[in-house]
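In case you want the letters, here they are:
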Amino acid sequence: MTLKDKLLAQRIYMLLGALFITSLVVSNLIFQKFFYWYPFDMEIFGASLFEISVGILPYPITFLITDLISEIYGKKSANQVVVTGIFASIFSLLIILVADNVPAINNSPVDDALFTKVFGQSAIAVFASMTAYLFAQFIDIQIYHFWKRLTKGKHLWLRNNFSTWFSQFIDTFSILTLLCTFEVLPWESFKGLLISGFLFKVMVAAFDTPFLYLGVYLFRKRFNLKVNEEISLL
């Protein structure tokens, strides 16, 4: 690979990392708004199916990105992006804590009470998210590369879906447990939100598989990569 191609691959990696970090941080900030997506009008444990937080919307994108990075750049590069995302979440948490403790002026469009209501619980959300997410993402990467070694780089759909399904269940279960423990959410909603959140993520994982195939195809065509071949960054 030429130096020009190396530099291009490095820039694309940084762009993917930026998309990953943005999706992760934003999901922690918007989690308090819930909506009801109803392709099926049914209830599970007293909760409407797919009654979920808007914070879940950007979350599956992060797993698609780490799978793409794992496939093209390797396990080490994927782990580096995850660690960087955790650092970004901690830094955003510190900014929110400082902003929440700075008193608003009398004619501020957003007063202290409203700001605290919207962002005040972000500290708990970020803590819960980081704890669950760090665990889930590293598991996702481990399972992805297990299947990649086992299939010798073939059957991309298999490792994409199997790694994401298992890690997403762990992530959903862990973060809901922490949020209910800290009384951000009521325990009565736990089972319904767990099933709705997990099924939604499974559907998104299946939906994003063609996009992963497209991304891998474009990378391999542009950088002349063979099956199971990875790019070594500068």
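The model shown is predicted, which means the values in this text are computed figures rather than measured ones. (Residues numbered from 1 in each chain as written. Predicted model: local features only at pLDDT ≥ 70, side-chain atom pairs only at ≥ 80, totals over all residues. Heavy atoms only, no water.)

1. Side note on the overall build of the protein
Then, in step 1: Check the secondary structure of the protein and you find 7 helices and 4 strands.
Then, in step 2: Counting helices and strands in the order they occur from the N terminus, the protein gives α-β-β-β-β-α-α-α-α-α-α.
Then, in step 3: Across its three principal axes, the protein shows a C-alpha extent of roughly 60 × 45 × 25 Å.
Then, in step 4: Here the protein holds 234 residues, and the buried ones make up 45% of them.
Then, in step 5: Of the contacts formed within the protein by residues at least 6 apart in sequence, a portion of 75% connects residues at least 24 apart.
Then, in step 6: Within the structure as shown, the protein displays about 12600 Å² of accessible surface, and the carbon and sulfur contribution to it stands at 70%. (Helix = DSSP H or I, 4+ residues; strand = E, 2+ residues; numbered from the N terminus. Buried < 20%, exposed > 50% of the residue type's maximum accessible area, 1.4 Å probe, protein only. Contact = heavy atoms within 4.5 Å. Areas by Shrake-Rupley, 256 points an atom, 1.4 Å probe, with all protein chains shown as cover.)

2. With respect to the side chain of Ser 23
Then, in step 1: Its location among the elements puts Ser 23 in helix 1 (residues 3–29).
Then, in step 2: You can call Ser 23 buried: its relative accessible area is 10%.

3. Considerations on the packing of aromatic side chains
Then, in step 1: Summed over the entire model, instances satisfying the criterion amount to 10 aromatic pairs.
Then, in step 2: An angle of 75° between the planes, with centres 5.6 Å apart, marks the rings of Phe 146 and Trp 147 as edge-to-face.
Then, in step 3: Its relative accessible area of 42% is what places Phe 146 among the partly exposed residues.
Then, in step 4: Residues Phe 169 and Phe 173 carry aromatic rings whose centres are separated by 6.2 Å and whose planes lie at 20° to one another, so their mutual orientation is stacked. Residue Phe 169 and its partner Phe 173 are located together in helix 6 (residues 156–181), separated by 4 residues, close to a single helical turn.
Then, in step 5: Judged by its relative accessible area of 37%, Phe 169 falls in the partly exposed class. (Phe/Tyr/Trp six-rings, centres within 6.5 Å; stacked < 30°, edge-to-face > 60°.)

4. Structural notes on the side chain of His 145
Then, in step 1: Secondary-structure assignment places His 145 in helix 5 (residues 122–150).
Then, in step 2: Here the side chain of His 145 touches Lys 75 through a polar contact of 3.3 Å, landing on its backbone nitrogen.
Then, in step 3: Residues contacting His 145, with those up to four places away along its chain left out, are Ser 70, Gly 74, Lys 75 and Glu 230. (Polar contact = N/O pair within 3.5 Å; in protein donor to acceptor, adjacent residues only side chain to side chain.)

5. Points about unusual backbone geometry
Then, in step 1: The phi dihedral of His 155 falls on the positive side, at around 55°, and the residue is not glycine.
Then, in step 2: Note that His 155 resides in the loop between helix 5 and helix 6.
Then, in step 3: Despite not being glycine, Asn 228 has its phi angle at roughly 75°, a positive value.
Then, in step 4: Inspection of the secondary structure puts Asn 228 in the segment after helix 7 (190–223).
Then, in step 5: The exposure class of Asn 228 is partly exposed, given its relative accessible area of 36%.

6. As for the pattern of salt bridges
Then, in step 1: Under the counting rule described, the total for this entry stands at 4 salt bridges.
Then, in step 2: In this structure, Arg 220 and Glu 71 form a salt bridge, with 2.9 Å as the shortest nitrogen-oxygen distance. Here Glu 71 lies in helix 2 (residues 59–73) and Arg 220 lies in helix 7, a separation of 149 residues in the sequence.
Then, in step 3: Its relative accessible area of 1% is what places Glu 71 among the buried residues.
Then, in step 4: The closest approach of N and O atoms between Glu 230 and Lys 148, which form a salt bridge, is 2.9 Å. One end of the pair, Glu 230, is in the segment after helix 7; the other, Lys 148, is in helix 5, and 82 residues separate them in sequence.
Then, in step 5: Look at Lys 148 and you get buried, because its relative accessible area is 3%.
Then, in step 6: A single network of salt bridges, built from pairs that share partners, joins Glu 71, Arg 159 and Arg 220. (Salt bridge = Lys/Arg side-chain N within 4 Å of Asp/Glu carboxyl O.)

7. Points about the confidence of the model for the protein
Then, in step 1: Residue-level pLDDT values for the protein average 82, and 91% of them are 70 or greater.
Then, in step 2: Mean pLDDT across the elements of the protein ranges from a minimum in strand 3 (residues 47–48), with 62, to a maximum in helix 1, with 91. (pLDDT = per-residue confidence, 0-100.)

8. Digging into the packing of helix 1 against helix 7
Then, in step 1: Helix 7 packs onto helix 1 with a crossing angle of 160° between their chain directions and a minimal axis gap of 11 Å. Here helix 1 is positioned roughly antiparallel relative to helix 7, judged by the angle of their axes. Helix-helix and strand crossings are classified by hand; for helix 1 and helix 7 the assignment is right-handed. Where helix 1 approaches helix 7, its residues Asp 5, Leu 8, Ala 9, Ile 12 and Leu 16 are matched on the opposing element by Phe 219, Arg 222 and Phe 223.
Then, in step 2: Residue composition of the contact of helix 1 with helix 7, grouped by class: 6 nonpolar, no polar and 2 charged. (Axes fitted to C-alpha atoms, helices over the stretch in contact; angles between N-to-C directions. Parallel < 35°, antiparallel > 145°, perpendicular 65-115°, else oblique. Left-handed = near helix turned anticlockwise from the far one by under 90°. Nonpolar A, V, L, I, M, F, W, Y, C, P; charged D, E, K, R; others polar.)

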